[in-house]
Amino acid sequence: MSVPNAQTYHYQRHEPERTTLYKLVQENWLTFQHQVEQDLGHPLPDFVIKEFEEYLRCGTLAHGFLRAQCTSCHHEMLVAFSCKKRGFCPSCGARRMSETAAHLVDHVLPHKNIRQWVLTFPVPIRLCLAVRPKVMARALDIAHLVIGQYYRKKTGLTPNNSKSGAVTLIQRFGGSLNLNIHFHQLFVDGCYELNEQKEPIDFWVASPPTVKEIEEVLTKIISKLTKYMERQKIIIRDDDKGGFQIPIPDEDTLSKLQATSVTYRFATGKSKGKKAMVLKSISDNDHNATKGLVSKNSGFSLHAGVATKAHERDRLEKVCRYIARPSVAEERLSTNDQGDVIYKFKKPWDDGTTALKLTPMELMERLVALVPRPRVHLTRYHGVLGPHYKYRKQIVPEPPKLKIVQDQEIIEPKQLELKKKNIPWARLLARVFGIDVETCSKCGGKMRIIAAIEDSKVIRKILDHMGLDTKPPRLTPDRGPPLTESHLKDDFFQQHFDDFHQFND
């Protein structure tokens, strides 16, 4: 794959501790934990707490780093360890985005036409998919089954002699940092014909779908999914309010926060039960596409307007990067003079809304809701692209053939990149952003890793020698509730309040 920019840039450390997002989490994390336990009666799950703690360590040199040195001039560069979490860390999310897109294009998606099908759900279903992974898996199976049936019908094949293929990336966030479970499915735009041994013998290309066909597909998905949920008694009909209710146990703090995030509201603090402030009100459809190859029905939406040709591999990788992107765009996050958080949208919404206004506590609540539960895979493979399909190697792109020159293997950098499924971060930076990590910024020599530094004493010694901060950023202590008139009338409280000010003076 070609590097997008002809100019190559040298690596500079991200310095996450200087970003707006990091400072907001650093200053409010302990206070938010206390607020959740006080308002909801139970603490956050351990895996959520670990997600935030690891994020606060991510990219910080004081917590350890790799030491790289130029083989020519011995210039050194330090690369901090990353948290590798899946929730909201922009840095690790960017790496996962690039790695996922490169892997799909190089090793999974065949050189055929590829079409993206985006399925979104009404609010009650979104919450159910978020808190019950088995239901999400079943909903995904139904979507793949129905779209696969569409492709077989389109190509004139039968279930016995055909098989479709797809990759699904489960996206968990909406444009306003809200929890919004929806599916991005990359289908091979056609169907493989199979022989009696279920081996692919031919590929039948499908013509582009019509709006009417998309409407039929969506109607079948809705019918099958609602029947399944009614049969399993997953949702309870609320006849008084004309909708559904999903019972949540009192101790399930995360599900409560996810429920309010799905409905654009908040569960704790002064904003409890309220919606986030915007220039105009937010509609419940999260501003999905309304033109082109799209169908809407009962709060569901199915869009199939994005497709790439077999030779458009660069464009396909861009599509993959878009649907695998991080949940938080740091460059669009800022604070105003009053300390409120402003999150600008990439494009103005149809109703003119351009940004979201949150308090720091409201932002923390949104971030918590975006943390996925453990052992829930967010990338799934189906049909001929599934890992257990016997003839998968005949479908996916072939690994590059090596050139033999005088009994030695000659592998071009591009070929080496394709040969490895886990692409090094250095090559991903060069591939996607044109950033060269492997070349010395001083003399142009080759940089190589010489050590992984994890011992706290060694860390401090090296950082002190290089004139860098040896201490990690400290968390802001838990802030108590605001003072009330009853507090000031209490003699015991007033005495300690005066002592505190006397000590600080």
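Structure: above.
All figures in this text were calculated on a predicted structure; none of them were measured in a lab.

Draft legend 1. Local environment of unusual backbone geometry. Even without being glycine, histidine 74 reaches a positive phi, approximately 65°. Relative to the elements of secondary structure, histidine 74 occurs in the loop between strand E2 (65–70) and strand E3 (76–80). In the Ramachandran plot, serine 298 falls in the positive-phi region, its phi being about 55° despite a non-glycine side chain. Looking at the element boundaries, serine 298 is found in the loop between strand E13 (294–297) and strand E14 (300–308). Taking relative accessible area as the criterion, serine 298 reaches 57% and is therefore assigned exposed.

Draft legend 2. Molecular detail of the pattern of salt bridges. A full pass over the atoms with the stated rule returns seven salt bridges. The salt bridge partner of glutamate 76 is arginine 67, with a shortest N-O separation of 2.7 Å. The residue glutamate 213 makes a salt bridge to lysine 154 at a minimum N-O spacing of 2.8 Å. With a gap of 59 residues between them, glutamate 213 in helix H6 (residues 211–231) and lysine 154 in helix H5 (residues 133–155) connect regions that are remote in the sequence.

Draft legend 3. Spatial organisation of the sheet that holds strand E9 (residues 200–205). Spatially, three strands are ordered E5-E8-E9 in an open sheet, and the strand pairing comes out antiparallel. In this open sheet, the two edge strands, each paired with only one partner strand, are strand E5 (162–163) and E9. The sheet contact formed by E5 and strand E8 (residues 190–194) spans two bridges and is antiparallel. Of the residues in E8, the one forming a bridge with lysine 163 is tyrosine 192. Here H5 sits on the sheet and contacts E5, E8 and E9; the angle it forms with E8, its principal contact strand, is near 75°.

Draft legend 4. Spatial organisation of the nonpolar core. If you look at the biggest cluster of nonpolar residues, it comprises 46 residues, and the most contacted ones within it are Trp117, Leu129, Phe183 and Leu225. Leave out the neighbours within four places in its chain, and leucine 129 touches Phe121, Val135, Met136, Ala139, Ile181 and Phe183. Judged by nonpolar contacts, the second largest core, of 40 residues, contains Tyr22, Val328, Trp349 and Val371.

Draft legend 5. Spotlight on the sheet that holds E2. Ordered in space as E3-E2-E22, the three strands form an open sheet in which the pairing is antiparallel. Of all the strands in the sheet, just E3 and strand E22 (447–453) have a single pairing partner and so form its edges. Here the average twist between neighbouring strands, direction ignored, is 25°. Relative to E22, E2 runs antiparallel, the two sharing six bridges. Each bridged residue has a counterpart across the sheet, and for cysteine 70 the counterpart in E22 is methionine 447. Packed onto the sheet, helix H12 (residues 456–465) meets E2, E3 and E22 and runs at close to 45° relative to E2.

Draft legend 6. Seen up close, the packing of helix H1 (residues 20–40) against helix H2 (residues 46–57). In contact at an axis separation of 10 Å, H1 and H2 are set at 145° when each is read in the N-to-C sense. In the packing of H1 onto H2, the handedness of the crossing is left-handed. Residues Leu21, Tyr22, Val25, Gln26, Trp29 and Gln33 of H1 form the contact with H2, whose participating residues are Val48, Ile49, Phe52, Glu53, Tyr55 and Leu56. Of the residues belonging to the contact of H1 with H2, the class tally is nine nonpolar, two polar and one charged.

Draft legend 7. Region of interest: the pairing of E8. With five of five residues buried, E8 is to be regarded as a mostly interior element. Sheet topology places E8 next to E9; five bridges connect them, and they run antiparallel. For cysteine 191, the partnering residue across the bridge sits in E9 and is tryptophan 204. Hairpin geometry of E8 and E9 is characterised by an intervening segment of five residues between the two adjacent antiparallel strands and by a positive phi of about 65° at lysine 198.

Draft legend 8. Geometry of the packing of aromatic side chains. Considering all chains together, one arrives at twelve aromatic pairs under this definition. Ring geometry for tryptophan 29 against phenylalanine 52: centres 4.2 Å apart, planes inclined by 0°, an arrangement best described as stacked. On the criterion of sequence distance, the pair formed by tryptophan 29 in helix H1 and phenylalanine 52 in helix H2 is long-range, its members being 23 residues apart. Since its relative accessible area comes to 1%, tryptophan 29 is described here as buried. Aromatic rings pair up to connect Tyr22, Trp29, Phe52, Tyr55 and Phe88 into one cluster.

Draft legend 9. How the structure looks around helix H4 (residues 123–131). Buried residues dominate H4, accounting for eight of its nine residues. Within the span of H4, buried status applies to Val123, Ile125, Arg126, Leu127, Cys128, Leu129, Ala130 and Val131. Of the surrounding elements, those touching the buried residues of H4 are H5, strand E7 (179–188), H6, helix H7 (253–262) and E14.

Draft legend 10. Structural context of a positive patch on the surface. A cluster of basic residues, Arg138, Lys153, Lys220, Lys224, Lys227 and Arg231, forms a positive patch at the surface. Mapped onto the positive patch, the elements with two or more residues apiece are H5 and H6. Under the relative-accessibility criterion, lysine 220 is labelled partly exposed at 45%.

Draft legend 11. Representation of the environment of glutamine 35 in the model. Examined against the element boundaries, glutamine 35 turns out to sit in helix H1. Placed 326 residues apart in sequence, glutamine 35 and methionine 361 show a C-alpha to C-alpha distance of 8.9 Å. Once residues within four sequence positions are removed from consideration, glutamine 35 is found in contact with Thr268, Gly269 and Met361. One polar contact links glutamine 35 to threonine 268, side chain to side chain, over a distance of 2.9 Å.

Draft legend 12. Layout of the packing of H4 against H7. Contact geometry of H4 with H7 gives a least axis separation of 9 Å together with a crossing angle of 150°. Comparing the axis directions of H4 and H7 gives the class roughly antiparallel. Between H4 and H7 lies a crossing of right-handed hand. Side by side, H4 and H7 meet where Val123, Arg126, Leu127, Ala130 and Val131 of the first sit next to Ser255, Gln258, Ala259 and Val262 of the second. Partitioned by chemical class, the residues of the contact of H4 with H7 number six nonpolar, two polar and one charged.

Rules used in this analysis
Residues numbered from 1 in each chain as written. Predicted model: local features only at pLDDT ≥ 70, side-chain atom pairs only at ≥ 80, totals over all residues. Heavy atoms only, no water. Helix = DSSP H or I, 4+ residues; strand = E, 2+ residues; numbered from the N terminus. Buried < 20%, exposed > 50% of the residue type's maximum accessible area, 1.4 Å probe, protein only. Salt bridge = Lys/Arg side-chain N within 4 Å of Asp/Glu carboxyl O. Pairing = 2+ DSSP bridges. Contact = heavy atoms within 4.5 Å. Axes fitted to C-alpha atoms, helices over the stretch in contact; angles between N-to-C directions. Core = buried A, V, L, I, M, F, W, Y, C linked by side-chain atoms within 4.5 Å. Left-handed = near helix turned anticlockwise from the far one by under 90°. Nonpolar A, V, L, I, M, F, W, Y, C, P; charged D, E, K, R; others polar. Phe/Tyr/Trp six-rings, centres within 6.5 Å; stacked < 30°, edge-to-face > 60°. Patch = residues over 30% accessible without salt bridge, like charges linked within 9 Å, V, L, I, M, F, W, Y side chains within 5 Å. Areas by Shrake-Rupley, 256 points an atom, 1.4 Å probe, with all protein chains shown as cover. Lys, Arg positive; Asp, Glu negative; His and termini not counted. Charge placed at Lys NZ, Arg CZ, Asp CG, Glu CD. Polar contact = N/O pair within 3.5 Å; in protein donor to acceptor, adjacent residues only side chain to side chain. Parallel < 35°, antiparallel > 145°, perpendicular 65-115°, else oblique.

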